[in-house]
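The lines below spell out each chain.
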Amino acid sequence: MEVFPFVVVVWILGVGLYGIVTSRHLVHQIVCLIVVQSSTYVLLLGVGYVTGAVAPYFFDVKVHTPAVDPVVQALALTDVVVEAAVTALLLAFAIQAYKRFGTLDPQELVSLKG
Amino acid sequence: MSGRLALTSHLLAVVTPFSVPPALMDALQIVILVLVAGAATMVVLTRQPARQAIALSAYGLLLALMFLALQAPDVTLSELTVGAVALPILLMLTLAKVRKRE
Amino acid sequence: MTAVQRRWLFFAGMAILAGFYLWGLSGLPGFGNYPGPYGFVINRIAVAQTNATGVVSAVNFEYRGFDTVGEEFILFTAATGVATVLRQLRNERNEGQAGDEALGPGSAETTDAVRLATLVFVGPTVLFGWYLGSHAQTSPSGGFQGGVVLATAFVLIYLAGEFLVFRRISPVNLVDAVGAVGAGGFAVVGITAVALGLPYLTNFLGLGTVPGAVSSSGTIALISFFVGIEVAAAFVLIVGELLEQTLLVRRGAA
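Described below are features of the structure shown in this document.

Cut-offs used in this document
Residues numbered from 1 in each chain as written. Chains lettered and ligands numbered in written order. Predicted model: local features only at pLDDT ≥ 70, side-chain atom pairs only at ≥ 80, totals over all residues. Contact = placed C-beta atoms within 7 Å. Nonpolar A, V, L, I, M, F, W, Y, C, P; charged D, E, K, R; others polar. Core = buried A, V, L, I, M, F, W, Y, C linked by C-beta atoms within 7 Å. Buried ≥ 20, exposed ≤ 12 C-beta atoms within 10 Å, placed from the backbone. Helix = DSSP H or I, 4+ residues; strand = E, 2+ residues; numbered from the N terminus. Expected span 1.5 Å × (residues − 1). Bend = angle between axes of the 7 residues up to and from the residue. Axes fitted to C-alpha atoms, helices over the stretch in contact; angles between N-to-C directions. Parallel < 35°, antiparallel > 145°, perpendicular 65-115°, else oblique.

Moving on, we get to the interface of chain B and chain C. Contacts between chain B and chain C engage 16 residues on the former and 19 residues on the latter. Residues belonging to the side of chain B that touches chain C are distributed by class as follows: 9 nonpolar, 3 polar and 4 charged.

Another point: the nonpolar core. A general feature of soluble globular proteins is that nonpolar side chains tend to end up buried together. By size, the foremost hydrophobic cluster in this structure holds 129 residues, and its most contacted members are Leu45(A), Leu90(B), Ala79(C), Ala234(C), Phe235(C) and Ile238(C). Filtering out sequence-adjacent residues up to four positions away, Ala234(C) remains in contact with Ala85(A), Leu75(C), Phe76(C), Ala79(C) and Gly179(C).

Within the fold, Phe144(C) resides in helix H7 (residues 143-159). Classification of Phe144(C) by C-beta neighbours within 10 Å gives buried; the count is 33. For Phe144(C) and Glu244(C), which are 100 residues apart along the polypeptide, the C-alpha to C-alpha distance reads 25 Å. If we ignore the near neighbours within four places in the chain, the residues touching Phe144(C) are Leu77(A), Thr78(A), Val81(A), Ser78(B), Val227(C) and Val231(C).

So, about helix H2 (residues 37-50) of chain C. Residue and element names in this part refer to chain C. Helix length check: H2, at 14 residues, gives a terminal C-alpha distance of 19 Å against a target of 20 Å (1.5 Å per residue), a fit within 8%. Where H2 bends most, at Arg 44, the angle is about 35°. All of the buried residues along H2 are Gly 39, Ile 42, Asn 43, Ala 46, Val 47 and Thr 50. One or two positions beyond H2, positive phi appears at Asn 51, with a value near 60°.

This part covers the packing of helix H2 (residues 26-47) of chain A against helix H4 (residues 73-99) of chain B. Interhelical geometry of H2(A) versus H4(B) gives an angle of 175° and a closest axis separation of 12 Å. As judged from the angle between their axes, H2(A) and H4(B) are roughly antiparallel. Seen from H2(A), the contacting residues are Val27(A), Val31(A), Ile34(A) and Leu45(A); seen from H4(B), they are Val75(B), Leu87(B), Leu91(B), Thr94(B) and Leu95(B). Looking at side-chain class alone, the contact of H2(A) with H4(B) contains 8 nonpolar, 1 polar and no charged residues.

Next up on the list: helix H9 (residues 172-195) of chain C. Residues and elements named next belong to chain C. The end-to-end C-alpha distance of H9 is 33 Å, a good match for the 34 Å that 24 residues give at a rise of 1.5 Å each. At Gly 185, H9 shows its strongest bend, of approximately 25°. Val 175, Gly 179, Gly 182, Ala 183, Phe 186, Val 189 and Gly 190 are the residues of H9 that are buried. Just past H9, the residue Gly 197 takes up positive phi, approximately 90°.

If you look at the interface, chain C gives 48 residues, while chain A gives 43 residues. Elements with a minimum of two residues in the side of chain C that touches chain A: helix H1 (3-25), H2, helix H3 (55-63), helix H4 (65-90), H7 and helix H10 (219-253) of chain C. Top element by residues in the side of chain C that touches chain A is H4(C). It accounts for 11 residues. Among the residues making up the side of chain C that touches chain A, the classes are represented as 29 nonpolar, 14 polar and 5 charged.

Structurally, the position occupied by Trp130(C) is in helix H6 (residues 112-134). Sequence separation between Trp130(C) and Gly143(C) is 13 residues; the distance between their C-alpha atoms is 9.1 Å.

Residues and elements named next belong to chain C. Summarising the element assignment, Pro 171 is placed in the loop between helix H8 (163-169) and H9. Judged by local crowding, Pro 171 falls into the exposed class, with 11 C-beta atoms found within 10 Å. The sequence separation of Pro 171 and Phe 66 amounts to 105 residues, and the corresponding C-alpha distance is 31 Å.

Here we take up unusual backbone geometry. With a phi angle near 60°, Gln71(B) is a residue other than glycine that sits in the positive phi range. Within the fold, Gln71(B) resides in the loop between helix H3 (49-69) and H4. By C-beta crowding, Gln71(B) is classed as buried, having 23 other C-beta atoms within 10 Å. For Asn51(C), which is not a glycine, the phi torsion comes out positive at approximately 60°. Position of Asn51(C) among the secondary structure elements: in the loop between H2 and H3. Classification of Asn51(C) by C-beta neighbours within 10 Å gives buried; the count is 23.

Just geometry here; none of it tells us what the structure is for.
Put into structure tokens, the structure is as follows:
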């Protein structure tokens, strides 16, 4: 249990990268990028976890109960929402690529020249 | 004030992790981690983007459950709204744009 | 290089990367044995210093407010980028009346069950979004989640088949203006602190008396409101642009 969440982090990263490398559709590639980004959320929250602690909200528990680290939660929180907007930008680029080249296959897109 | 709080918490049956034995919490976290790893594999191995959007929605839900098991309710809310709702909508709209031209 | 060769090259590279990554991660103190001082320090002093019982939002908008300004502007820039890229595509065709097409034979008819289910939930979703956006300092809520839930309410209206209503209540200029007010408002709150002679983004409003009340914790609630409307405007903008694209394509192919 000491290192198992980090093994899961590496597994998700590897699986996502495999999807990106062997993808035949630009939108499939973008979703695999989302999976790779989600591995970092698991890593952040796994680093900040304290065994036997509560969530860092003190309106119903006393102020000095042990709580998990709030800084990594703040990082992961803004990360999740900003990632969605950046994904939307990538999808807009995919639409643009489709309009220009007529195909969404990344291995075809490499060989097209003008 | 603390007496009223204790009474409310008994009435609402609020359970803090102190009342859950640590072995049970560990087991829950291990199960959810394994499910998350399996769901990530499922998302990547689904090759058609339309089906992958649905798989991404399920993956977002499992991730939200895992964040809840790691005592992070704020991140759970964000991941639920973004990963299970907003991202599949964006993907479906992009696919509708791309598919109609074929 | 064939696909099979590329796959084996990837496996080799990934094995090396995974080996180094796991070696690095195993040097951490282990899952659950969090050693570092900052988490414990902030948990002890945050409620006393900021009168906010939601420590994560206090970290987001107060202790780490400068980073959040940066992240919010990433969001703003991404939404602007989507609008720029897709509006440039749209100007290539004549400015079509996508509204007429929504009533035409190409549009799908939604069943009454779908319309009822989605329209019933629009009101509670808006209320829930405002609740989340205004309770950042109390409970697990905040501007980011509240903004996304608010944007979801707009999307529900589109899913009920009422695209014209969706377009009428979210005209592009208004959504742009609201997003700009949200992004600029956050920066203005920080600059107001500078104008008062304090460092940038200091909490200069009164902290209130009851920790965790809605009116407490000074600028945290104000910043959360600005972030909420900015995130909502950004997502409505993105969805609106993608919807315009879809309908224009349908009109062109018809």
